[in-house]
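Overview (structure and organization)
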Amino acid sequence: MTANEDQEMELEALRSIYEGDECFKELSPTCFQYRIGDLGNPKAFIVEVSWPETYPETVPVVSMNTFFNNSISQPVKRSIIAKLLEEAEANLGTVMTYTLFEYAKDNQEKLMENHEPFSSTVMSSEPNSTTVSSNNASSSKKKEKKDQLSKAQKRKLAERTDHRGELPRGWNWVDVIKHLSKTGGKDDD
């Protein structure tokens with residue numbers, strides 16, 4: 001069998017195996033993602049496997065560069081990818097995408113044992129947090145500039161509102177009465 005025939009057979013097998021599985025996603029006929037773990041689980045991650053033209057005679061490309069994996073540190077990602085590539089080397093010459101996904105599912109706890117969830121905003125260092133707060137201050141200054149009104153706008157606003165800045169009671173009643181006169185009241189006989 002040629003590499004393309006093997007890929008077509010594996011593609012058909014993957015589609016039938018993972019039909020209806022919400023964790024599996026086919027990005028293209030040669031690129032697949034599988035979510036390992038439940039959505040709420042902090043140790044859940046997505047593995048992406050892409051087939052080169054000579055697959056399965058060569059190792060597939062394994063990646064974890066998805067937004068879902070942003071809370072996983074780079075050393076843990078590299079460790080997971082290294083272990084999956086070791087598994088791929090052991091299965092070289094055979095179709096292995098299903099095997100890699102199952103290996104990751106079976107060994108999720110072992111693969112994520114060094115994982116400590118973090119958020120990129122929480123883990124910021126002190127100088128960066130100072131920068132963030134100064135950026136927030138400058139953005140609030142920008143908002144103040146946008147909220148500045150001309151004298152004419154202020155005068156018009158003051159004429160329409162009371163001392164608390166609220167519109168007077170019944171300011172839109174004319175529109176309601178006009179609407180009712182066009183549509184008719186309840187007593188139209």
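Look up: the structure comes first, before these words.
In what follows, the accompanying structure is described. (Residues numbered from 1 in each chain as written. Predicted model: local features only at pLDDT ≥ 70, side-chain atom pairs only at ≥ 80, totals over all residues. Heavy atoms only, no water.)

Scanning the entire structure with this criterion turns up 3 salt bridges. E26 is the partner of R15 in a salt bridge, and the nearest nitrogen-oxygen pair spans 2.7 Å. Taken together, the residues span a long stretch of sequence, with R15 in helix α1 (residues 3-17) and E26 in strand β1 (residues 24-28) at a distance of 11 residues. When its relative accessible area of 43% is taken as the criterion, R15 is described as partly exposed. Across the pair E102 and K105 runs a salt bridge, and its minimum N-O distance is 3.0 Å. Placement of both E102 and K105 in helix α3 (residues 97-106) is noted, with a separation of 3 residues, approximately one turn of the helix. Judged by relative accessible area, E102 falls into the buried class, the value being 17%. (Salt bridge = Lys/Arg side-chain N within 4 Å of Asp/Glu carboxyl O. Helix = DSSP H or I, 4+ residues; strand = E, 2+ residues; numbered from the N terminus. Buried < 20%, exposed > 50% of the residue type's maximum accessible area, 1.4 Å probe, protein only.)

The subject of this paragraph is the pairing of strand β3 (residues 45-50). Among the 6 residues in β3, 6 count as buried, and that is most of the element. Burial along β3 is two-sided: the residues F45, V47 and V49 and I46, E48 and S50 are all buried. Alignment of strand β2 (residues 31-36) against β3, held across 6 bridges, turns out to be antiparallel. Its bridge partner lying in β3, C31 is registered against S50. Both β3 and strand β4 (residues 61-63) contribute to a ladder of 3 bridges, which runs antiparallel. Following the sheet pairing, S50 is matched in β4 by V61. (Pairing = 2+ DSSP bridges.)

Our next topic: the side chain of S63. By the element assignment, S63 lies in strand β4. Polar contacts involving the side chain of S63 include one to the main-chain amide nitrogen of N65, which spans 3.2 Å. (Polar contact = N/O pair within 3.5 Å; in protein donor to acceptor, adjacent residues only side chain to side chain.)

By size, the foremost hydrophobic cluster in this structure holds 28 residues, and its most contacted members are F45, V47, I80 and F101. Secondary structure elements with two or more residues in this core: α1, β2, β3, α2 (74-90) and α3. In terms of residue count, α2 provides more of this core than any other element does, 5 residues in total. Setting aside residues no more than four positions away along its own chain, F101 makes contact with Y18, F24, F32, Q33, Y34, I36, V47 and V49. (Core = buried A, V, L, I, M, F, W, Y, C linked by side-chain atoms within 4.5 Å. Contact = heavy atoms within 4.5 Å.)

Closest axis-to-axis distance for the α2/α3 pair is 10 Å, and the angle between their directions is 135 degrees. Taken as axis vectors, α2 and α3 run oblique relative to one another. Viewed along their axes, α2 and α3 form a crossing whose handedness is right-handed. Seen from α2, the contacting residues are K83, L84, E87 and A88; seen from α3, they are T99, L100, Y103 and A104. Considering only residue class, the contact of α2 with α3 consists of 5 nonpolar, 1 polar and 2 charged. (Axes fitted to C-alpha atoms, helices over the stretch in contact; angles between N-to-C directions. Parallel < 35°, antiparallel > 145°, perpendicular 65-115°, else oblique. Left-handed = near helix turned anticlockwise from the far one by under 90°. Nonpolar A, V, L, I, M, F, W, Y, C, P; charged D, E, K, R; others polar.)

Here we take up the sheet that holds β3. Read across the open sheet, the 4 strands follow the order β1-β2-β3-β4; overall the sheet is antiparallel. Taken across any chain shown, the strands that pair with only one partner, and hence form the sheet edges, are β1 and β4. Neighbour-to-neighbour, the strand axes of the sheet open up by a mean angle of 20 degrees, direction not taken into account. Contacting β3 and β4, α2 runs over the sheet at an angle of about 155 degrees to β4. Lying on the sheet, α3 is in contact with β1, β2, β3 and β4; it crosses β2 at an angle near 20 degrees.

Here the focus is the pairing of β2. Burial runs high along β2: 6 of the 6 residues are buried. Residue alternation in β2 divides its side chains into two sets, C31, Q33 and R35 and F32, Y34 and I36, and both sets are buried. As paired elements, β1 and β2 share 4 bridges and run antiparallel to each other. The residue bridging K25 from the neighbouring strand is Q33, located in β2. Here β1 folds back onto β2 in antiparallel fashion, the turn holding 2 residues.

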